Amino acid sequence: MKKIYLLFPLLTTSILYSQVRDSTNLISEVKIDAYKKPTTYVSSTKSVAVISENLLNQNPPERMLESINQIPGARMEERSPGSYRISLRGSPLRSPFGVRNVKVYLDDFILSDASGNTYFNVISPALIRRMEVFKGPEGGDYGAMTGGTLLLKTNNLDNLSANLSIGSYGTFNQNIDFSKQLRKHFFEVFQNYYQTDSYREQSKVQRKEFFVKDNYQYSKQGILKMMLLYSDLDYQTPGGLTLEQMQNNRKQARPSTATVPGSKEQRAGIQNKMILAGLSNYYQFSPNFSHFILVQGSYVDFENPFITNFENRFEKNFALRTHFNYEKNWSLISLAYRLGFEGGINDIFVKNFDNNRGVEDSPQDFDKIKNTSGFYFLSQKLNIDEKLFTDVSISLNSNSYDWQRLYPETEYGNVKFKNQLLPNFGVTYILDQGFSVRGKIGKGNSAPTNEEIRSSTQKFNANLNPEYGWNKEIGIRKQFGNFLFLEGSYFDFRMKDAIVRRQNEAGQEYFVNAGETAQKGFEVLLESKSFDLKNDFFSRFGFRFSGSFYNFKFHNYKQNEQDFSGNDLTGVPKTTINSLVNFTFFKKLSVDYTHFYNSKLPLNDANSVWSEPSLVGNIQFRFPLQADKTKFNLSLMIQNLYNTDYVLGFDINAFGNRYYNPAAKRNFILGVETHF
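Calculation notes
- Residues numbered from 1 in each chain as written.
- Predicted model: local features only at pLDDT ≥ 70, side-chain atom pairs only at ≥ 80, totals over all residues.
- Heavy atoms only, no water.
- Helix = DSSP H or I, 4+ residues; strand = E, 2+ residues; numbered from the N terminus.
- Buried < 20%, exposed > 50% of the residue type's maximum accessible area, 1.4 Å probe, protein only.
- Contact = heavy atoms within 4.5 Å.
- Lys, Arg positive; Asp, Glu negative; His and termini not counted.
- Charge placed at Lys NZ, Arg CZ, Asp CG, Glu CD.
- Pairing = 2+ DSSP bridges.
- 1 Å grid on protein atoms, 1.4 Å probe; cavity = no way out; pocket = protein on both sides within 12 Å on 5 of 7 lines; lining within 4 Å.
- Points joined across faces, edges and corners; volume = space filled by probe spheres on them.
- Nonpolar A, V, L, I, M, F, W, Y, C, P; charged D, E, K, R; others polar.
- Core = buried A, V, L, I, M, F, W, Y, C linked by side-chain atoms within 4.5 Å.
- Patch = residues over 30% accessible without salt bridge, like charges linked within 9 Å, V, L, I, M, F, W, Y side chains within 5 Å.
- Areas by Shrake-Rupley, 256 points an atom, 1.4 Å probe, with all protein chains shown as cover.
- Salt bridge = Lys/Arg side-chain N within 4 Å of Asp/Glu carboxyl O.
- Phe/Tyr/Trp six-rings, centres within 6.5 Å; stacked < 30°, edge-to-face > 60°.
- Lys NZ or Arg CZ within 6 Å of the ring centre and 35° of its normal.
- pLDDT = per-residue confidence, 0-100.

The number of helices and strands found in the protein chain is six helices and 39 strands. Dimensions of the protein chain, computed from C-alpha atoms along their principal axes, come out at roughly 70 × 55 × 50 Å. The 676 residues of the protein chain split such that 60% are buried. Across the protein chain, contacts joining residues at least 24 apart in sequence account for 65% of those joining residues at least 6 apart. Counting 78 positive and 68 negative side-chain charges, the protein chain places the centres of these two groups 4 Å from one another.

And the structure:
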């Protein structure tokens, strides 16, 4: 049957790069924001993709995996419901859970902390209306990282809507979104409640979220923005299984052994309460000169009953970003400069206790960590005759941390990493209307996060160094007529001191630097517009196809007496192929049909254990209704249409071969969205 199913990945849906719903827009004319450095997509020097609201509609209520995984070079994994990780042109080597080495912004504000960790799972998918995905190092704009950057955008149009959905495994989701322009203010208030029992034992999820923003246009030259986000996330963690355990019972949580209790017995899980608030101001002093500044703070109350301990973590974060902008336009030349600074402080107090079946018991270790990071950046954009576009930038990055053990003994230390200059140079040339070629070279650097400096072993790893490397790439973008878009990119990223996850007998992770990696790959996107077939029965049709083809290898990597040089990079499939096809019947019934194919991937650095390849299909039916001025959008989503046995996120390099986190079998979500 799989040979038949593979015919469909060549087909897809509504326009990914469209900022508006008018399907007459050319894909090559779409604008990207690039954090206040707007440009058309076809002229951008960056490796970027835009996930529109149409593609975000493919996600179920709890995650953004389906839309992110439609992007070539982007991969989101779900180890268990509520536990996600994201890699951009890379691998999950560093992330047992959470998002690391990928910078995340929410509108003007910074979701990532100063150490590079992001609680991506606190964000409800329904809050996000658009996303820009930047793949590879972008040190001149976003600082030190080797993976990439995500820009999340909330609503910017008047709206009053409510959503209610139910589904398999006790899934329930409800959210309300209200946004309105009132004189000089644009308000948005968003509320979400989500819960599910999930597929496996010990994997319930509950999320409560509240978001409010006010964009105040206090003059023609200036706009002041305020944002407040509160999220209360509680999810259980079932733990990884061996292959035999998974084959015997896919739904079970990690069972106990003679020496270590299981996930269910210890009530393993995570409770994360987070509040983030910030102010930003943009002011246009003259037609050529402007200034932007933001200040923000956040507080995190993080609780993690684990198999071997019970951790409480309290985090205080502060961040600042500011830059001056100068732009000048002549008849054939446009020039823009940006000079600025972004920095943050991440202050953590962490306490570990014995875990007595989900209850704090005897104290183990109490520690404090303070991470300080920042970067100065300077960039120049030059546009000559709307043909030649260049983007040159450089940043000076610093990162240091202080640590202190308070209990059972007292000790302290500090580590300051060497300052890093990260240059980036990109150029795009327009060969013809809707046809461009581009080239890019840039350096990336990524310091270890707090969870890697002090991992679940509760030991400080002062010898862990940042990973760094150079990325080179070339690409083409081509519009065929006004109906088809093709993009292809080739990159070669050489990284040194790659940070790799290990796991001990108790299931605790720790991290080491693993020599060098050579990451080469080709990415392709083929997408159509939504064709109006002028037929009452079969009304519209569109398709989208994306693929990533990778050759990632370890170089100069030895572990004790074992030499892993030349091995495939752990956790990375050589081939991923994704697609989405959209049919519209009777001018109303919309059918979205998606496929996700992943080739086999190595589960440990030795390449002695490999996963099986997987092909997963989803289908969604959407039908609009209207009563007076009220619009109803009914939807039925069937996930894992072919009832495939597969894993959405592996525990790589897991001790005892507990690599597997089985994903749900066929399931459904029935929803109604109401617009007033």
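That covers the picture; the talk isn't over yet.
Let us look at the sheet that holds strand 10 (residues 130-135). Overall, mixed pairing links the five strands, which are arranged 3-10-11-7-8 in an open sheet. Every interior strand has two partners, whereas the edge strands, strand 3 (48-51) and strand 8 (109-110), have only one. Bridge count for strand 7 (residues 102-106) against strand 8 is two bridges, and the pairing is antiparallel. Residue pairing in the sheet places L106 in a bridge with F109 of strand 8.

Another aspect to go through is the layout of surface pockets. Rolled over the atoms, a probe with the dimensions of a water molecule shows which regions are left empty. In this model, the second largest pocket occupies a volume close to 770 Å³. For the lining of the second largest pocket, the element with the highest residue contribution is strand 4 (residues 74-80), accounting for four residues. Of the residues belonging to the lining of the second largest pocket, the class tally is 21 nonpolar, 18 polar and ten charged.

The biggest cluster of nonpolar side chains holds 64 residues, and the ones touching the most others in it are I68, F120, I123, M131, L150 and L152. When sequence neighbours within four positions are dropped, the list of residues in contact with I123 reads M64, L106, L111, I128, R207, E209 and L229. Membership of the second largest hydrophobic core comes to 24 residues, among which are V500, F554, F564 and I652.

Let us look at the pairing of strand 15 (residues 205-216). Bridge count for strand 14 (residues 185-196) against strand 15 is twelve bridges, and the pairing is antiparallel. Directly across from E188, in strand 15, lies its bridge partner K213. Summarising the sheet, strand 15 and strand 16 (residues 222-236) pair through twelve bridges and their orientation is antiparallel. Among the inter-strand pairings, Y216 is bridged to a residue of strand 16, identified as L224. Hairpin connection of strand 15 to strand 16: five residues between the antiparallel strands.

Attention now goes to a nonpolar patch on the surface. On the surface, a nonpolar cluster with roughly 1100 Å² of combined accessible area is contributed by F285, F289, F324, Y326, Y337, L339, Y376, L378, I394, L396 and L421. Breaking the nonpolar patch down by element, the ones donating at least two residues are strand 19 (310-329), strand 20 (333-355), strand 21 (360-384) and strand 22 (388-407). Turning to its location among the elements, L421 is positioned in strand 24 (residues 420-432).

Looking now at the environment of L335. Mapped onto the secondary structure, L335 falls in strand 20. You can call L335 buried: its relative accessible area is 18%. The residues contacting L335, other than those within four sequence positions of it, are Y326, E327, K328, N329, W330, Q380, K381 and L382.

What follows is about the packing of aromatic side chains. Counted by the stated rule, this structure contains 35 aromatic pairs. Residues Y216 and Y218 carry aromatic rings whose centres are separated by 6.0 Å and whose planes lie at 55 degrees to one another, so their mutual orientation is tilted. Under the relative-accessibility criterion, Y216 is labelled partly exposed at 28%. Note on Y218: relative accessible area 26%, which makes it partly exposed. When the ring of Y659 is compared with that of Y660, the centres are 6.1 Å apart and the planes differ by 90 degrees; the resulting orientation is edge-to-face. With relative accessibility at 3%, the residue Y659 sits in the buried group. Taken together, F537, F538, F541, F543, F583, F585 and F586 form an aromatic cluster joined through their ring pairs. Above the ring of F366, the side-chain terminus of K351 is found at 5.9 Å from the ring centroid. Its end group placed over the ring of F480, K478 keeps NZ or CZ at 5.5 Å from the ring centre.

The step from Y407 to P408 runs through a cis peptide bond, and the omega angle for that step is 5 degrees. With respect to the helices, strands and loops of the structure, P408 is situated in the loop between strand 22 and strand 23 (411-416). The backbone phi angle of D107 is positive, close to 55 degrees, even though this residue is not glycine. Topologically, D107 is positioned in the loop between strand 7 and strand 8. What makes D107 buried here is its relative accessible area of 18%. In this model, N556 sits at a positive phi of 50 degrees, which is unusual for a non-glycine residue. Among the secondary structure elements, N556 is positioned in the loop between strand 32 (538-555) and strand 33 (558-559). A relative accessible area of 55% means that N556 is categorised as exposed.

This paragraph deals with the environment of K328. You can see K328 is positioned in strand 19. Judged by relative accessible area, K328 falls into the partly exposed class, the value being 28%. Sequence separation between K328 and N288 is 40 residues; the distance between their C-alpha atoms is 5.9 Å. In this structure K328 touches N288, I333, S334 and L335, once residues within four positions along its chain are discounted.

Residues V48 and V50 line one face of strand 3 and the alternating positions A49 and I51 line the opposite face, and both faces are buried. Bridge analysis of strand 3 against strand 10 gives four bridges, and the strand direction is antiparallel. Counterpart to V50 in the pairing with strand 10 is E132.

When pLDDT is averaged along the protein chain, the result is 92, and 95% of the positions lie at 70 or above. When the criterion is pLDDT under 50, residues 1-24 qualifies, and its contacts beyond four places in sequence or with other chains add up to 78 contacts.

Following the sequence through the fold, S44 ends up in the loop between strand 2 (39-40) and strand 3. Its relative accessible area of 3% is what places S44 among the buried residues. Sequence-distant contacts of S44, that is, excluding residues within four places in its chain, are made with I32, T39, T428, R438 and R477.

Quick look at the pattern of salt bridges now. Throughout the structure, instances matching the rule amount to 45 salt bridges. K37 serves as the salt-bridge partner of D141, at 3.1 Å between the closest nitrogen and oxygen. Note that D141 is positioned in helix 4 (residues 139-142) and K37 in the loop between strand 1 (31-32) and strand 2, a separation of 104 residues in sequence. For the pair D141 and K37, a shared accessibility class is recorded, and that class is buried. The shortest N-O distance in the salt bridge between R89 and E523 comes to 3.0 Å. Taken together, the positions of R89 in the loop between strand 5 (83-88) and strand 6 (99-100) and E523 in strand 30 (residues 516-528) put the pair 434 residues apart, joining distant regions of the chain. A network of salt bridges, in which partner residues are shared, links E311, R313, E315, D365, D367, R405, E451 and R454.

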